Every structure is written in C-alpha cells, then in structure tokens.
Amino acid sequence: MQDDAPPTRVSTLEDVALVAGVSRASVSRVVNGKPGVAAHIVEAVTDAIARTGYVPNRAARSLVTRRSDTVLVVVSGSDTSRAGPWGPGELLADPFFGRVAGGLMSSLRPRDIHPVLMLAVTDDERSRVLSYVREGSADGVLLVSAQAGDPLPQMLTDAGLPVVLFSRPDHPLPLSYVDVNNRAGGALAADHLVARGCRSVGIVTGPLDIPGAEDRLLGFREAMARHGVAYVPSAPGTFSVESGATAMEALLTQHRVDGVFASNDNMAVGAILAAQERGLSVPDDVAVVGFDDSTAALMCRPTLTTVRQPIETMSAEMARLLLERLDAPDQRPSAAIFEPVLVERGSA
C-alpha cells in the first residue's frame with residue numbers, strides 16, 4: 001500500500017529569514033560565516049535555523065563562497081629511509097599527534113570545517129598537497145613538520161597558499177606559526193634541578209637543526225650560567241626512548257651527572273631506564289626532567305617531572321589562525337608563542 005502523504009518540504013533561506021525577521025542576505029552572511037554580522041542577528045538566525053530545520057546545501061554554498069569548508073592537516077618530513085629523528089609515520093604514532101589533532105578539532109568543529117589528513121614524505125606527495133589546495137579541494141593547510149630541512153613550508157608560501165605551521169620554521173618564511181617558548185622551558189628545567197641540589201647536570205638534546213631543540217639547549221645552558229655553572233655537557237638524541245637511553249649512558253659514563261634535562265619526554269623515559277639499569281635511584285642518585293608533559297610522563301616509574309607545553313591550546317590557535325587568514329586573505333602572517341609550565345612529579 002502506497003503512502004499518499006505529501007513529501008516533506010525542505011526549508012530554505014527565505015524560510016529562515018521570515019522566522020528570524022531579517023533579510024535573506026543577512027541569513028546568507030551568517031550561514032556562510034561572514035565577519036561583521038551583529039551578534040543579535042547571528043543569534044536570531046541561529047535560532048531560526050534550529051526552528052525551521054534548515055540544512056545548508058554545501059555544494060551551493062561552495063559555489064557562492066568559493067570555499068570547500070575543508071582543510072588539509074599535513075604531516076610532512078623527509079623520507080624515513082634517510083637519517084633523521086622522526087618520519088611522519090612515527091609522528092602519527094606518537095601521543096603528541098593525538099593531542100595536536102584534538103586541539104585542531106576544537107577550533108574546526110564549531111565552524112563545520114572538515115579536516116583531511118595527508119602525509120608528505122616524497123616529492124610526489126608534496127606536489128599532491130599543493131595540487132589538492134590549488135584545485136579547490138581544500139582551503140588551506142595546517143602543517144606539522146616532522147624534520148628540519150622540510151621543503152614543504154617554502155613550497156606552500158612560494159605558491160601563495162594559506163598555511164599555518166606548528167612550531168617556528170627553521171628559516172624565516174612569510175607564514176603564520178604557533179610555538180612554545182622553548183628557551184623559557186629549558187630555563188625552567190635548569191632552575192628546578194639547581195633548586196633540588198643538583199650540581200653536576202647534563203642535557204640530552206634533540207636534533208639541533210630543529211629550532212625548538214636548539215632553543216631548549218640554549219635556555220638550559222643560559223639558566224645554568226646564571227647559577228654559576230660554566231659548562232653543561234650534552235649528548236645528542238633523536239626524540240626516541242632508545243636515543244635517550246644511549247645519551248644517558250654517555251652522560252653517566254663521561255660526566256657522572258646528578259641531574260639531567262631531556263629535551264622531550266620520550267628521551268627522558270629512556271634516560272630513567274638507563275639510570276635504573278646501572279642500579280641508580282631516580283631521583284635520589286640522578287634527577288631527570290623531561291619536556292612536553294605527554295602520556296609517557298605518567299606511564300614511567302617514577303612519574304616524570306617535565307616542562308609542559310600546552311599542545312592542545314597551541315593547535316587550537318593554529319586552526320584559528322588559518323580560519324582567520326581564510327576570512328581575511330590580505331592579513332599579514334602572525335606568530336603565537338605560548339609559555340611553558342613546570343609540572344613536578346617523582347623523577348626530580
């Protein structure tokens with residue numbers, strides 16, 4: 001038996017305008033996220049949309065706005081077959097990226113912007129990123145670069161495409177970025193180790209061609225100099241647990257340190273394991289401070305004293321900067337620098 005009920009009528013912009021008591025043009029501006037609409041009009045239109053059940057036609061909207069309401073989240077770097085700290089695959093598996101993704105979604109979801117994840121390791125993959133945006137499949141790029149010397153930031157800026165980078169680029173570029181005050185973070189670690197009585201301290205560095213790793217080293221050494229320590233030995237790491245253990249072995253063998261700052265939490269975990277394998281107590285024989293405040297800081301024993309960078313807040317700001325650039329294409333690039341905080345736990 002056929003149902004003779006008439007088909008449900010689809011609500012239109014005109015219906016929303018009638019209920020809201022505003023013009024169709026005002027409704028269109030609110031629906032398309034245009035700036036400069038009075039707050040009371042936005043509220044009236046939002047309420048009318050809920051009452052009428054209006055659903056924007058995304059295809060029609062894209063024709064009007066020339067926006068896809070999609071952004072690329074690109075994890076890029078060098079081919080993992082070559083030497084380097086992290087490949088994009090390793091970064092995706094790290095808890096760090098989960099925190100970045102959560103922060104991005106907190107800014108994108110309220111604007112109904114959809115992220116598309118792409119990896120860019122080879123020249124072909126980097127070209128594919130550029131083509132994807134140029135062809136209108138995405139409006140801009142949120143870029144997390146896994147290694148120094150990554151050519152993609154330069155390629156995107158040379159092409160004039162909207163992009164925001166997580167962390168300061170390794171050479172000056174006209175693009176927006178977010179970062180933590182890495183020098184201040186290194187200083188926090190130094191001050192804490194000195195305050196607990198450490199006198200022979202060392203540092204496990206990240207790859208020093210990455211600006212953040214170099215800044216953490218400089219901040220740590222500068223703060224130790226203010227405390228009267230002229231020389232701070234270092235051992236290189238690659239942000240992995242294994243490299244942290246190897247670097248800690250070198251510091252304990254060559255310098256008999258009683259306090260160590262590792263430039264990320266993974267390396268700090270490796271440093272703790274290396275110390276414990278030697279029969280040393282952490283923190284009684286050697287204190288260890290990390291950087292990031294990742295899930296690794298809570299999983300190791302003792303739990304890790306670390307310098308927290310607000311990754312979720314930083315990545316939310318990263319997305320906000322890109323949306324701001326899309327709304328105002330002529331706006332100059334900007335940087336957002338966040339202050340770190342020391343989180344004291346059991347390792348130092």
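Keep in mind that what you see is a predicted model, and the values were worked out from it rather than measured.

Reading the values: the criteria
Residues numbered from 1 in each chain as written. Predicted model: local features only at pLDDT ≥ 70, side-chain atom pairs only at ≥ 80, totals over all residues. Heavy atoms only, no water. Helix = DSSP H or I, 4+ residues; strand = E, 2+ residues; numbered from the N terminus. Contact = heavy atoms within 4.5 Å. Buried < 20%, exposed > 50% of the residue type's maximum accessible area, 1.4 Å probe, protein only. Polar contact = N/O pair within 3.5 Å; in protein donor to acceptor, adjacent residues only side chain to side chain. Core = buried A, V, L, I, M, F, W, Y, C linked by side-chain atoms within 4.5 Å. Salt bridge = Lys/Arg side-chain N within 4 Å of Asp/Glu carboxyl O.

Colleague: Which residues make up the environment of Y132, and what values do they have?
Modeller: Tracing the chain through its elements places Y132 in helix α7 (residues 123-134). Sequence separation between Y132 and L72 is 60 residues, and the spatial gap between their C-alpha atoms is 8.6 Å. Residues within four places of Y132 in sequence aside, it is in contact with L72, V116, M118, S137 and A138.

Colleague: Please set out the environment of E312 residue by residue, giving values where relevant.
Modeller: Here E312 is to be found in helix α14 (residues 311-327). Judged by relative accessible area, E312 falls into the partly exposed class, the value being 31%. The residues touching E312, leaving out its near neighbours within four places in the chain, are R99 and G103. Of the polar contacts made by the side chain of E312, one reaches the side chain of R99; its length is 2.9 Å.

Colleague: So what's going on with the nonpolar core? Residues and values would help.
Modeller: Ranked by internal contacts, the top residues of the largest apolar core, which has 44 residues, are L142, F166, L193 and F220. Among the elements that take part in this core, α14 stands out by supplying 8 residues, more than any other. Not counting residues up to four positions away in its chain, the partners in contact with F166 are F96, V100, L143, V144, V178, I311, M314, S315 and M318. A213, V269, A271 and I272 belong to the second-largest nonpolar core, a separate cluster that totals 27 residues.

Colleague: So, the environment of L142: which residues are in play, and what are the values?
Modeller: Take L142: it is sitting in strand β3 (residues 141-145). Judged by its relative accessible area of 0%, L142 is buried.

Colleague: Lay out the pattern of salt bridges in plain terms, naming residues and giving numbers.
Modeller: Between side chains of opposite charge, pairing is possible as soon as their charged atoms come close. Under the criterion given, the structure shown has 13 salt bridges. For D293, the salt bridge goes to R345, with nearest N and O atoms at 2.9 Å. Placement of D293 in the loop between β9 (287-292) and α13 (296-299) and of R345 in the segment after β12 (341-343) is noted, with a sequence separation of 52 residues between them. When its relative accessible area of 11% is taken as the criterion, D293 is described as buried. When salt bridges with common partners are traced through the structure, they connect R99, D293, R308, E312 and R345 into a single cluster.

Colleague: Give me unusual backbone geometry: which residues, what numbers.
Modeller: Here the bond from V282 into P283 is cis, since omega is 15°, no more than 30 degrees from zero. Tracing the chain through its elements places P283 in the loop between α12 (265-277) and β9. That bond from R301 to P302 is cis: its omega, 0°, falls within 30 degrees of zero. Following the sequence through the fold, P302 ends up in the loop between α13 and β10 (305-308). The backbone of D112 sits at a positive phi, close to 55°, despite the residue not being glycine. Mapped onto the secondary structure, D112 falls in the loop between α6 (95-108) and β2 (114-120). Of the residues examined, D112 reaches a relative accessible area of 37% and is grouped as partly exposed.

In short, shape yes, function no, at least from these values alone.
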